[in-house]
Structure formats: structure tokens, C-alpha cells
Amino acid sequence: MTSKKIIVTGATGQIGSELVIELRKKYGEQQVVAVGHSKPIEGELSSGPFEIVDVTNKPALDELVQKYRPDTIYHLVGILSAKGEKNPDLAWRVNMEGLKNILDISRDRGVTKVFWPSSIAAFGPTTPRDNTPQNTILDPTTIYGVTKVAGELLCQYYWKKYGLDVRSLRYPGIISYKTEPGGGTTDYAVAIYFEAIKNKKYDCFVGRDTVLPMMYMPDAVRATIELMEAPIENIKVRTSYNLTAMSFSAEELATSVARCIPGFVCSYNPDDRQRIADSWPRSIDDSVARKDWGWKHEFGIEEMTKDMLDHISTLEASDLL
Ligand code: AKB
């Protein structure tokens, strides 16, 4: 096993909680320090070190990095799109100051690699919406998207100016069952599964024809680790790589769920998140990621639906015992 020391911020979040588990399997439980802003639920992430640190508190973050001396940081803390619209100041502070603190401390304390997530939210209403290219118009209309564009450029700046090896992915909507997402526009694509199992119905907050790029969590975690393990000479994009697995409408998702849960009914009542969804791409061209570091997704909508429902049913059954 390669000896590595890794810090994962945002470790109690949707992606962080699953990434920590995979990294611990790969590099050893004590090698991966999970960092959250509050204590995780009992048992979760308890297999290795856990620290509570606010990423906007630079001295505390610096102390953490000096304590563990990581060579790699996955900086996953972030306020998502819908929550960011409710509190733009908070989104700016957490997303931008947090990233700047991580980049400064990494540069100053000898961290060699940093991962930071961008998103399809970096695109906007005048970006080509189908098969959105790697290099295209970035004109987000949400504060979250604005922090993603600024963050991408900041990551590239630290690479060019200081040689800090920062790598990034523009995640599509991520679907998972272990930790529910909080405050995103793509959250309907997770909630639908939980509601289907609990109530056999779901009231979707985007319209039936809304199509967005999506990915199942196992693919997202694998993409993240594969990007970080790719040889440095293969990493040609220093802003953020386009990444996708599939695109489907809300209605196609509901149909896929109904195939496994007979009687499931989905209604559609778009709220203010529809405006955000309408400003994002319908599908993504991620051929540059596929070419540079060999990205290949595994899960399509049907495999994902089956896996999600199997796992949620098991969780629900164990809750009832
Ligand atoms: C959100 O909906 O805000 C996130 C994202 C696509 O970045 N899931």
C-alpha cells in the first residue's frame, strides 16, 4: 500500500462521506483524515481520524494541516446552488474563502495535490445546452455557479503561478443513497427514490421535461480517485474537466422508478429551482476527460435505479427492525 496522508474536507457531505470510505479502503483507515463542520452520525466515518474544522477559519485549518502533514487534500466543502441563492454571502464565504485558504495552506505547507469540485453550475443560459463542450461560455446566473467559475480560475492560477497540482471535475447531478444531498437543484433525482419506497409517490420540484446531466455515486467517487491518480503529464485541463455519465428528463427518471415500483406516481410542481435547472446544460461532452485520463462511466439509468432501490429498501427494512 502506498504511504499517503490525505485530508478530506466536507467529509460528512454527500460526496465526502463516500469518498472517505473508498480512500480508506485504498490507502488505510488511519491515512485518511475526515474533516467536517459538525460531528458525524454515530458510526459513520469512525473507522479513522475525524476532526471538526471550519474551512473559513484559516488558522484552525493551518493547524490541522500542520498536525497531519497531508500530501493530498480533497476539498469538498461547498454550499450548493439552491441553498446559495437563499444566502449568497454565505455561499461566497464558504466556497471562495474556504478554497483560497486550502490553496494558500497547501502551497505553504508542502501539500502536493489538491482536488476541488466544480459543477455543471459553472455554465449558464448562453452556454450551448446540448453536448456542452469543454471550452465554452461560462456565464452562470447563480452565486454557486459564480463561485465555481471563480474557483476554477483560482485553481488554474495556483497551478500556473506556484506549481500546485490542483485537479478538478465539473460534477453533474450526483445520485446516491447513503447521505442525502442538501440544498442542490438536482436533489429531486435523489429524493424521488426515497419517496417512491416510502410513499409510492413524489411531487417533483422541476417540470417533467427538465433534462440534466447526472451520475451515480460509485462512478463519481471512482472518477475523482482516477483523476487524482492519473500521471501529472496527462492532466491537460487546469480549470476543471467536464464529466458525465447520462442525461435524462425528470419524467424518464420517474418511468424508470415506476418500472421497479408498480403503482408509483410522480407529479410535477416546478418551484424557483426550475429557473436554475433551465440555465444548466442538458448534456455534457466529456471527451477530453475520456482522452486525457481514461474516464469511462459504468452506470446508466436502469442499473442505477435498480441499485438505488435495492439499497434504500434494505436501509428502510433495517430501520423498521
Ligand atoms: C446542485 O444541484 O447544486 C449540485 C450541482 C449540480 O452542482 N448538485
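Residues numbered from 1 in each chain as written. Predicted model: local features only at pLDDT ≥ 70, side-chain atom pairs only at ≥ 80, totals over all residues. Heavy atoms only, no water.

### Quick word on the site of the ligand
The environment of the ligand is made up of Leu 80, Ser 81, Ser 119, Ile 120, Tyr 144, Gly 184, Thr 185, Thr 186 and Trp 280. Here the ligand has 250 Å² of accessible area as a free molecule, and 93% of this is covered by the chains. Classifying every residue of the shell around the ligand by side-chain character gives 4 nonpolar, 5 polar and no charged. Residues from two domains meet in the shell around the ligand; each of domain 1 (6-173 + 217-242) and domain 2 (175-213 + 245-283 + 299-320) gives at least three. (Near = heavy atom within 4 Å. Areas by Shrake-Rupley, 256 points an atom, 1.4 Å probe, with all protein chains shown as cover. Nonpolar A, V, L, I, M, F, W, Y, C, P; charged D, E, K, R; others polar. Domains from an automatic or database assignment.)

### Here we look at the sheet that holds strand S5 (residues 113-119)
Pairing is parallel in the open sheet, where 7 strands are placed in the order S3-S2-S1-S4-S5-S6-S10. Sheet topology places strand S3 (50-52) and strand S10 (241-242) at the edges, where each strand pairs with a single neighbour. Across the face of the sheet, helix H5 (residues 143-162) comes into contact with S5 and strand S6 (165-171) while running at roughly 150° to S5. (Pairing = 2+ DSSP bridges. Helix = DSSP H or I, 4+ residues; strand = E, 2+ residues; numbered from the N terminus. Contact = heavy atoms within 4.5 Å. Axes fitted to C-alpha atoms, helices over the stretch in contact; angles between N-to-C directions.)

### Quick notes on the pattern of salt bridges
Counted under the stated rule, the structure contains 24 salt bridges. For the salt bridge of Glu 229 with Lys 26, the shortest nitrogen-to-oxygen distance reads 3.5 Å. You can see Glu 229 sitting in helix H7 (residues 217-229) and its partner Lys 26 sitting in helix H1 (residues 14-27), a full 203 residues away along the chain. Given a relative accessible area of 37%, Lys 26 falls into the partly exposed group. Among the salt bridges present, the one from Lys 100 reaches Asp 104, with a minimum N-O distance of 3.0 Å. Within this pair, Lys 100 and its partner Asp 104 are both found in helix H4 (residues 88-109), separated by 4 residues, close to a single helical turn. Overall, Lys 100 belongs to the partly exposed group, its relative accessible area being 36%. By relative accessible area, Asp 104 is classed as buried at 4%. Counted as one network, the salt bridges with shared partners bring together Lys 58, Lys 100, Asp 104, Arg 107 and Asp 108. (Salt bridge = Lys/Arg side-chain N within 4 Å of Asp/Glu carboxyl O. Buried < 20%, exposed > 50% of the residue type's maximum accessible area, 1.4 Å probe, protein only.)

### Overview of the packing of aromatic side chains
Scanning all chains against the criterion turns up 9 aromatic pairs. Ring geometry for Tyr 158 against Tyr 162: centres 5.1 Å apart, planes inclined by 55°, an arrangement best described as tilted. Taken together, the residues Tyr 158 and Tyr 162, both in helix H5 and 4 residues apart, mark about one turn of the helix. An angle of 40° between the planes, with centres 6.3 Å apart, marks the rings of Trp 293 and Trp 295 as tilted. Just above the ring of Tyr 162 sits the side chain of Arg 107; from NZ or CZ to the centre is 4.6 Å. A cation sits over an aromatic face here: Arg 273 above Phe 205, 3.5 Å from the ring centre. (Phe/Tyr/Trp six-rings, centres within 6.5 Å; stacked < 30°, edge-to-face > 60°. Lys NZ or Arg CZ within 6 Å of the ring centre and 35° of its normal.)

### Quick word on the side chain of Asp 292
Checked against the element boundaries, Asp 292 lands in helix H10 (residues 287-293). Within the structure, the side chain of Asp 292 is placed 2.7 Å from the side chain of Tyr 241, a separation counted as a polar contact. (Polar contact = N/O pair within 3.5 Å; in protein donor to acceptor, adjacent residues only side chain to side chain.)

### Considerations on the environment of Ile 120
For Ile 120, the location among the structural elements is in the loop between S5 and H5. A residue is classified by how much of its surface remains accessible, and Ile 120, at 1% relative accessible area, is buried.

### Considering the domain arrangement of the protein
With domains assigned, the protein is organised as domain 1 (6-173 + 217-242) and domain 2 (175-213 + 245-283 + 299-320). In this structure, domain 1 and domain 2 have C-alpha centres spaced 25 Å apart. Facing the 26 residues of domain 1 at the interface are 24 residues of domain 2. Interface area for domain 1 against domain 2, summed over the two sides, is near 2300 Å², with a carbon-plus-sulfur share of 50%. It is Gln 14, Ile 120 and Arg 129 that lose the most area in domain 1 upon contact with domain 2, and together they represent 28% of the buried surface on that side. Residue Glu 18 is joined to Lys 178 by a salt bridge in which the shortest nitrogen-to-oxygen separation is 4.0 Å. Elements with a contribution of two residues or more to the side of domain 1 that touches domain 2: H1, helix H3 (81-86) and H7. Considering each element in turn, the side of domain 1 that touches domain 2 owes the most residues, 4 residues, to H3. Of the residues that constitute the side of domain 1 that touches domain 2, the class distribution is 9 nonpolar, 11 polar and 6 charged. (Buried area = accessible area lost by both parts, 1.4 Å probe.)

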